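Here are the chains, one letter per residue:
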2 protein chains.
Amino acid sequence: MDKSKFSTPLSLRKIHLDDSFWKGEMELVRTEMIPYQWRTLNDQEPGADPSFCIHNFRAAAEITREKKEQGDAYQEPKYTYRGFETLPEDPAHPDPDKFYGFVFQDSDLYKWIEAAAYSLTQHPDPALEQTVDGVIDLIASAQQENGYLDTYYIINGMDKIFTNLRDHHELYCFGHLTEAAVAYHQATGKDTLLNVACRFADFIISRFGTEPGKIAGYPGHEIAEMALVRLYEETQEKKYLQLSEYFVNQRGTQPYYFDQENHPEVDQRTKIRYAYNQAHLPVREQKEAVGHAVRAMYLYSGMTDVARLSGDDSLFDACRTLWESTVREKMYVTGGVGGTAMGEAFSFPFDLPNDLAYAETCAAIGLVFFARRMLQADPDSRYADVMELALHNGVISGMALDGKSFFYVNPLQVLPEACRRDERKKHVEPVRRKWFGCACCPPNLARLVSSIGAYAYTERENTLWIHLYTGGTVEKTVGDRTVPVKISSGFPWDGRVDVTVDSSEPVSMTVAFRLPGWCGDDFALTGAQGMECREEKGYLYVTGEWSDQTRIHLDFPMKVRVLQADTRVREDAGKLCVTRGPVVYCLEQKDNGENLDLIRLKGTALFTEERSSEFGSEMVMLRAQGVRELPDESESTLYHGYRKPKTEPVSLRFIPYYAWANRGENEMTVWVRSAD
Amino acid sequence: MDKSKFSTPLSLRKIHLDDSFWKGEMELVRTEMIPYQWRTLNDQEPGADPSFCIHNFRAAAEITREKKEQGDAYQEPKYTYRGFETLPEDPAHPDPDKFYGFVFQDSDLYKWIEAAAYSLTQHPDPALEQTVDGVIDLIASAQQENGYLDTYYIINGMDKIFTNLRDHHELYCFGHLTEAAVAYHQATGKDTLLNVACRFADFIISRFGTEPGKIAGYPGHEIAEMALVRLYEETQEKKYLQLSEYFVNQRGTQPYYFDQENHPEVDQRTKIRYAYNQAHLPVREQKEAVGHAVRAMYLYSGMTDVARLSGDDSLFDACRTLWESTVREKMYVTGGVGGTAMGEAFSFPFDLPNDLAYAETCAAIGLVFFARRMLQADPDSRYADVMELALHNGVISGMALDGKSFFYVNPLQVLPEACRRDERKKHVEPVRRKWFGCACCPPNLARLVSSIGAYAYTERENTLWIHLYTGGTVEKTVGDRTVPVKISSGFPWDGRVDVTVDSSEPVSMTVAFRLPGWCGDDFALTGAQGMECREEKGYLYVTGEWSDQTRIHLDFPMKVRVLQADTRVREDAGKLCVTRGPVVYCLEQKDNGENLDLIRLKGTALFTEERSSEFGSEMVMLRAQGVRELPDESESTLYHGYRKPKTEPVSLRFIPYYAWANRGENEMTVWVRSAD
């Protein structure tokens, strides 16, 4: 690993976004999702299933208070398993002393706080901040004196904490708590939640490890690995990095830790294989991305962080191998990952069915996490290409254009009748839903979209990397000076980028511009006279004296690119996918009639662009001439003798994939049959 | 309904087959399957899981004996549910007093007896007959004094008989008992088993009906409907037909009978919807073939029998509608039915995925039952076309060419890696298995193949219908004379058929020759000079004086026919299927290399025939020129910009679909991408 290339994201407080595309998404998060989710967490959204999340924290806080008051006299309840998801008999009248929801319900509140924290950096909002402060106090009051904090066990009985790391989610909730705590500390400077996270982390450190008497385990659902790295980077406390290293290195070693746990409540017949948890092998021996896709992405992200901070080449080699396995063999053209609903998991290499896809929104988000971390360790634009792809397609397809409904699953081909009538596709929904019982995706979307600046830019010393051409101003610190660098762009619809610096006095620095893979060498740079320009791994490093006289202009022509898949992707054999810049397009029945399988497109088709505000904000739609096979009306049997199919020319309209299913239920396909 | 067209199969004792194709299959059944299954039923086959079937009958017989001896002093055990499949802790030492296997385990023995009975008609075998007589005595000794006979309840407790018609299989086992009893009576004239069946039927009659105090239910798994019709036809006891009518008419009426049962052992969350059992609507209101495909086929077969015998037009209309739904919207090109493994069921119309197909061997067998019964009521060759198609493809694909291993599931496309690594395809096996825990298919194959004559010919008065050109001699009764009609044919490889009559004295009769749909009008008839020839619904009725001077020769040219599917079958869009006569062909990796999805064939391709004995008996293989898309080795990413695919010409070799997977594990596909 070349440490001189390592970079880190800038604090979001140093980034002021005004991007025409992402600002709109962020505003949806701020004005729609954050308030909506807050009402849901408080069981106050009419029509939505109650979350019981705040309810649980209240119940836990009451117990913690009682324990403090009663001291040794307090009688801890004996833990009894009540199910992976517990619901009150009468949802309108939950028992105030009981835990409800999934065992990982706490994480929803943490994700909400994290999203709110990011939002506050871009849009100060005292009322929101006050709300967050209040709920942080509630969280702090639920924390046990020893630092433990998970309302499921605080309420149900502390005698069994950390006894089911495989299936329960204490370390997962801890990870989300920590992510939220760091984010809120960075956003506001307030440390109440950061202290809560540190105290819980310290408790975990005291209990976990390979020493006798300690728990030699690791998370069943990863995230703590990368969260602990953030906690280390925020506090500079080495012990948190060491705990993360321990989790990474201990994972998958023999004898399997999960085998030593007692899982009385899980039927032995459905015993989960450890590849599901990426715990089947020590991480350095893992060569293929397998198992639950979100968990995989979170683990690989944490591994990459640890590799960078510990300079561990063998670990980074494993990250690279798993990256290649993911993007070379197991990623949808939308940046979605997870080819099967069975275990919400990766299927075998090149098995990427379009209609049965899982491609969970959270997994595409996880791929963005993984990509940003690979970029931090190795600024190679191939990672940024994937990050950009996932963000503009498989991630934001998870959210309706009005920010009010969500997809958990992001298929690439949908026939609504199949969703209703074919149980194999019961995970596929033809229109987005308001909320989910297992509500991981919407708050995950909220926290990613609100922190997009942390993915667009990273820095090291006097170098600023621009990974995504997200418009805004970045306060770059160079020596003891702060230089506002302004980026204007029309991405993702228009490839022109302007970069200026608001400094009358020249400052010596390097800006590294990503050269997107989708435009190849076909880009133009102007305004860099007198600068040193150097291309390396898909970045153009422009070094020199930057001042308000500097006007860098880049043009990345956004031509339509028709893609083919590797021939080993059987589901895409003989099919084409239309893209433009980072945006993947699809056909919808609304524009193109029913039975999209009968449509054929030439790989050399000519496209015309149509700027449309049909969906609110402006988008580029694409039109091309194709043909439609006509049914043979004269045939009365299901199968009949070959006759060259009759076709009629059709004007096809392609819309961005992420915008699909915003006009009610209808057929959709990303891959179109080739007419060649 | 036109009663003058109704026909019935001839007794198998009047048919002496010497068909080059089916005789081979029958010999496999006789020499391989019947002995193998007998050993399995007796838990004596090394390497195969024990069946416990004979074990259960022994245990039940012992209880029945004790009950008789002890009279009123006998203490009946109180029934406790022990699972849908019960296995001993140590399979080598089962408890002699306990029931093991599935709740429907008895049916395996009945199916074996039925197959043995048919085999005895074609190949007398005193040793086999003695074995059957012995096991029939065992069955008879297990029957309760009141006529009840199901070892599961006799052993586990009679207090709960007929309380779970939905999920348990007493009436299903009764149906198979009855089929076996009639077959053995027809084959040997012996009536021990027939009397057992009648006594059980009488007991059922005494307990079932809509009168107060009776059970207003019907079978959860159908078959009794058609079995009772056979019992009626054999005994001429009207009460058996009436019981069948009652089962058919009561089915699906409101309030749902199954709702009134108590199913304590079945988790309410997995409560099966009644479409699974075809009990969601009264049968005359059912318009779409739905639910478990085998059950559906068995029900529709029984409905057709009842409609014919009761002359019920409204019921026959329902049969016709359900037939159309099956063959027009839900049948694979192989005659397989059941598009989804979820519930081993029909999917929605035109949803016929090739790789995820269920297409259970028993369901294709059921379609043959249904087709023969439609033919009996309405001699229209469209029914015979489907019967022939299923028999030569989706049925016999269930059996290896050596008769020693079996498929339960018959997919139309297989990638062995997917079977191993994709849980969605865990029902698909890439090579046949020796036996199954749920061993319904192999004995079902055995009984169908051994009774093929009952599907080839039916008669009414002086008319003999030839539905399948199966070679052999049929003893046709005309008035008080018996006329041997000899059919010689090279089907399915050669379309020439000769029909002669072994009678020096002319006999006035009609032979109805089926004109296969696959040859259209392209057939030649010679030798019918002086006869009246009339074509109706795909049959050529040749009426006149038949004698040993008559030499009818028919020629149905077996040209290769390339088929396309209805455009609504999305999985087959842009694909072709190669057939010749009734045989569907496929590509295997062994002949054509890997990744069959890269192969393309023109709809107008020219085929050459290759007579091959590679698989033992002679078959016609087909060769044609196609192209193979070549992977673009220069591409390093999963998706890349469009370039017209490079192709190379390939000589393709097609083998009969039923012969696939006889050369070890390899890829297979029936549908090939069209190069047009």
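Residues numbered from 1 in each chain as written. Chains lettered and ligands numbered in written order. Predicted model: local features only at pLDDT ≥ 70, side-chain atom pairs only at ≥ 80, totals over all residues. Heavy atoms only, no water.

**A few points about the overall build of chain A**
Reasoning step 1: A tally of regular secondary structure across chain A gives 18 helices and 25 strands.
Reasoning step 2: In terms of principal-axis extent, the alpha carbons of chain A reach across some 85 × 75 × 50 Å.
Reasoning step 3: Out of the 676 residues belonging to chain A, those deemed buried represent 63%.
Reasoning step 4: Taking as baseline every contact in chain A between residues at least 6 positions apart, the subset at least 24 positions apart corresponds to 72%.
Reasoning step 5: Once the 75 positive and 101 negative side-chain charges of chain A are each reduced to a mean point, those two points are 3 Å apart. (Helix = DSSP H or I, 4+ residues; strand = E, 2+ residues; numbered from the N terminus. Buried < 20%, exposed > 50% of the residue type's maximum accessible area, 1.4 Å probe, protein only. Contact = heavy atoms within 4.5 Å. Lys, Arg positive; Asp, Glu negative; His and termini not counted. Charge placed at Lys NZ, Arg CZ, Asp CG, Glu CD.)

**Brief notes about the sheet that holds strand 9 (residues 481-490) of chain B**
All names here are of chain B.
Reasoning step 1: Taken in spatial order, the six strands line up as 2-8-9-10-15-12 in an open sheet, and their pairing is antiparallel. The two strands at the open ends of the sheet, each matched to only one other strand, are strand 2 (15-17) and strand 12 (524-526). Ignoring strand direction, the axes of neighbouring strands in this sheet form an average angle of 15°.
Reasoning step 2: Of the pairings in the sheet, the one linking strand 9 to strand 10 (residues 494-501) comprises six bridges and is antiparallel in character. For Val485, the partnering residue across the bridge sits in strand 10 and is Val501. (Pairing = 2+ DSSP bridges. Axes fitted to C-alpha atoms, helices over the stretch in contact; angles between N-to-C directions.)

**What about the relation of the copies chain B and chain A?**
Reasoning step 1: For the pair chain B and chain A, the superposition axis carries a translation of 0.0 Å, the fit reaches an RMSD of 0.0 Å, and the rotation angle comes to 180°. Expressed as an axis order, the relation between the two copies is that of a two-fold axis.
Reasoning step 2: A shared binding surface is used by both copies, with 99% of the interface residues of chain B retained as interface residues in chain A. (Least-squares fit on C-alpha atoms with pLDDT ≥ 70 in both.)

**A few points about the packing of helix 11 (residues 293-310) of chain A against helix 12 (residues 313-329) of chain A**
All names here are of chain A.
Reasoning step 1: It is the contact of helix 11 with helix 12, at a shortest axis distance of 9 Å, that shows an interaxial angle of 145°. The way helix 11 lies across helix 12 gives a crossing that is left-handed. For the pair helix 11 and helix 12, contact is made by Met297, Tyr300, Met303, Thr304, Val306 and Ala307 and by Leu315, Phe316, Ala318, Cys319, Leu322 and Thr326, respectively.
Reasoning step 2: Its residues assigned to classes, the contact of helix 11 with helix 12 shows 10 nonpolar, two polar and no charged. (Left-handed = near helix turned anticlockwise from the far one by under 90°. Nonpolar A, V, L, I, M, F, W, Y, C, P; charged D, E, K, R; others polar.)

**Some thoughts on unusual backbone geometry**
Reasoning step 1: Between A:Gln254 and A:Pro255 the backbone carries a cis peptide bond, its omega angle lying at -10°.
Reasoning step 2: Counting through the fold element by element, A:Pro255 comes out in the loop between helix 9 (238-250) and helix 10 (257-260).
Reasoning step 3: Here the residue pair B:Phe491 and B:Pro492 is connected by a cis peptide bond, since its omega of 0° sits within 30 degrees of zero.
Reasoning step 4: By the secondary structure assignment, B:Pro492 is in the loop between strand 9 and strand 10.

**Re the interface of chain B and chain A**
Reasoning step 1: Taken together, the 69 residues of chain B in the interface contact 68 residues of chain A.
Reasoning step 2: Where chain B packs against chain A, one counts eight salt bridges.
Reasoning step 3: Between B:Arg421 and A:Glu288 there is a salt bridge; the shortest N-O distance is 2.7 Å.
Reasoning step 4: Remark: the boundary between chain B and chain A carries 33 residue pairs in polar contact (both at pLDDT 80 or more).
Reasoning step 5: The set of elements that each furnish at least two residues to the side of chain B that touches chain A consists of helix 12 (313-329), helix 15 (416-421), strand 16 (560-565), strand 22 (639-641) and strand 25 (671-674) of chain B. (Salt bridge = Lys/Arg side-chain N within 4 Å of Asp/Glu carboxyl O. Polar contact = N/O pair within 3.5 Å; in protein donor to acceptor, adjacent residues only side chain to side chain.)

**Some words on the state of the cysteines**
Reasoning step 1: This structure, assessed with the given rule, holds zero disulfides over all chains.
Reasoning step 2: Among the cysteines around A:Cys577, which has no disulfide bond, A:Cys586 carries the closest sulfur, lying 9.5 Å off. (Disulfide = S-S within 2.5 Å.)

**Considering the sheet that holds strand 13 (residues 532-536) of chain A**
Residue and element names in this part refer to chain A.
Reasoning step 1: Pairing in this open sheet of six strands is mixed, and the strands run 1-6-7-11-14-13 from one edge to the other. Pairing within the sheet leaves two strands with one partner each, and these edge strands are strand 1 (8-9) and strand 13.
Reasoning step 2: Judged from the four bridges that link them, strand 6 (residues 457-460) and strand 7 (residues 463-466) form a sheet pairing that is antiparallel. Each bridged residue has a counterpart across the sheet, and for Thr458 the counterpart in strand 7 is Trp465.

**With respect to helix 1 (residues 22-41) of chain B**
All names here are of chain B.
Reasoning step 1: The largest bend in helix 1 comes to about 35°, at Val29.
Reasoning step 2: By the burial criterion, the buried members of helix 1 are Trp22, Glu25, Met26, Leu28, Val29, Met33, Ile34, Tyr36, Gln37, Thr40 and Leu41.
Reasoning step 3: Residue Asp43 follows helix 1 closely and has a positive phi angle near 60°. (Bend = angle between axes of the 7 residues up to and from the residue.)

**Details of helix 4 (residues 126-142) of chain B**
Residue and element names in this part refer to chain B.
Reasoning step 1: With 17 residues, helix 4 ought to run about 24 Å at 1.5 Å a step, and its terminal C-alpha atoms sit 24 Å apart, in line with that.
Reasoning step 2: For helix 4, the set of buried residues is Leu128, Val132, Val135, Ile136, Leu138, Ile139 and Ala142. Projected down its long axis, helix 4 shows its buried positions confined to an angular sector of 155°, all on one face. Facing away from the buried surface of helix 4 by more than 90 degrees, the exposed residues are Pro126 and Gln130.
Reasoning step 3: Against helix 1, helix 2 (53-70), helix 3 (106-122), helix 5 (151-156), helix 6 (170-188) and helix 7 (192-207) lie the buried residues of helix 4. (Expected span 1.5 Å × (residues − 1). Arc of directions from axis to C-beta.)

**Thoughts on the pairing of strand 18 (residues 583-588) of chain A**
Residues and elements named next belong to chain A.
Reasoning step 1: For strand 18, a buried count of six out of six residues is recorded, marking the element as mostly surrounded by other parts of the structure.
Reasoning step 2: Burial of strand 18 is two-sided: the residues Val583, Tyr585 and Leu587 facing one way and the residues Val584, Cys586 and Glu588 facing the other way are all buried.
Reasoning step 3: Pairing geometry for strand 17 (residues 575-580) and strand 18, over two bridges, is antiparallel. Residue pairing for strand 18: Arg580 is matched across the bridge by Val583.
Reasoning step 4: In this structure, the hairpin formed by strand 17 and strand 18 is closed by a connection of two residues, where Gly581 is found at a positive phi of approximately 55°.
Reasoning step 5: As paired elements, strand 18 and strand 24 (residues 668-669) share two bridges and run antiparallel to each other. If you follow Leu587 over to strand 24, its bridge partner there is Thr669.

**Here we look at the pairing of strand 20 (residues 607-612) of chain A**
Residues and elements named next belong to chain A.
Reasoning step 1: In this sheet, strand 21 (residues 619-629) lies alongside strand 20 in antiparallel orientation, the contact comprising six bridges. Bridge assignment links Phe607 to a residue of strand 21, and that residue is Ala624.
Reasoning step 2: In sequence, strand 20 turns back onto strand 21 through a hairpin of six residues, with Gly616 there showing a positive phi of about 105°.

**Some details on the pattern of salt bridges**
Where charged atoms of side chains with opposite charge meet at close range, the side chains can pair.
Reasoning step 1: Taken as a whole, this structure holds 120 salt bridges over all chains when the rule is applied.
Reasoning step 2: Each of A:Glu588, A:Asp591, A:Glu610, A:Glu614, A:Arg623, A:Arg653 and A:Arg663 takes part in a single network of salt bridges with overlapping partners.

**Let's talk about the side chain of A:Ser547**
Reasoning step 1: Position of A:Ser547 relative to the elements: it lies in the loop between strand 14 (539-546) and strand 15 (551-555).
Reasoning step 2: With residues up to four places along the chain from it excluded, the contact list for A:Ser547 reads A:Val501, A:Ser503, A:Ser504, A:Glu505 and A:Pro506.

**Things to note about the environment of A:Arg570**
Reasoning step 1: Relative to the elements of secondary structure, A:Arg570 occurs in the loop between strand 16 (560-565) and strand 17.
Reasoning step 2: On a C-alpha basis, the gap between A:Arg570 and A:Leu445 in space is 31 Å, while along the polypeptide they are 125 residues apart.

**So, the packing of aromatic side chains**
Reasoning step 1: Under the counting rule described, the total for this entry stands at 88 aromatic pairs over all chains.
Reasoning step 2: Feature note: the residues A:Tyr148, A:Phe162, A:Phe174, A:Phe200, A:Phe203, A:Phe208, A:Tyr246 and A:Phe247 constitute an aromatic cluster, connected by ring pairs.
Reasoning step 3: One Lys or Arg, A:Arg372, reaches over the ring of A:Tyr455 and ends 4.9 Å from the middle of that ring.
Reasoning step 4: The cationic tip of B:Arg534 hangs over the ring face of B:Tyr541; the distance from NZ or CZ to the ring centre is 4.6 Å. (Phe/Tyr/Trp six-rings, centres within 6.5 Å; stacked < 30°, edge-to-face > 60°. Lys NZ or Arg CZ within 6 Å of the ring centre and 35° of its normal.)

**Remarks on the confidence of the model for chain A**
Residue and element names in this part refer to chain A.
Reasoning step 1: On average, residues of chain A carry a pLDDT of 94, and 98% of them reach 70 or more.
Reasoning step 2: Residue range residues 267-271 is modelled with pLDDT below 50. Its contacts to residues more than four positions away, or to other chains, number three contacts.
Reasoning step 3: The ipTM value of the predicted complex is 0.94, and its pTM value is 0.93. (pLDDT = per-residue confidence, 0-100.)

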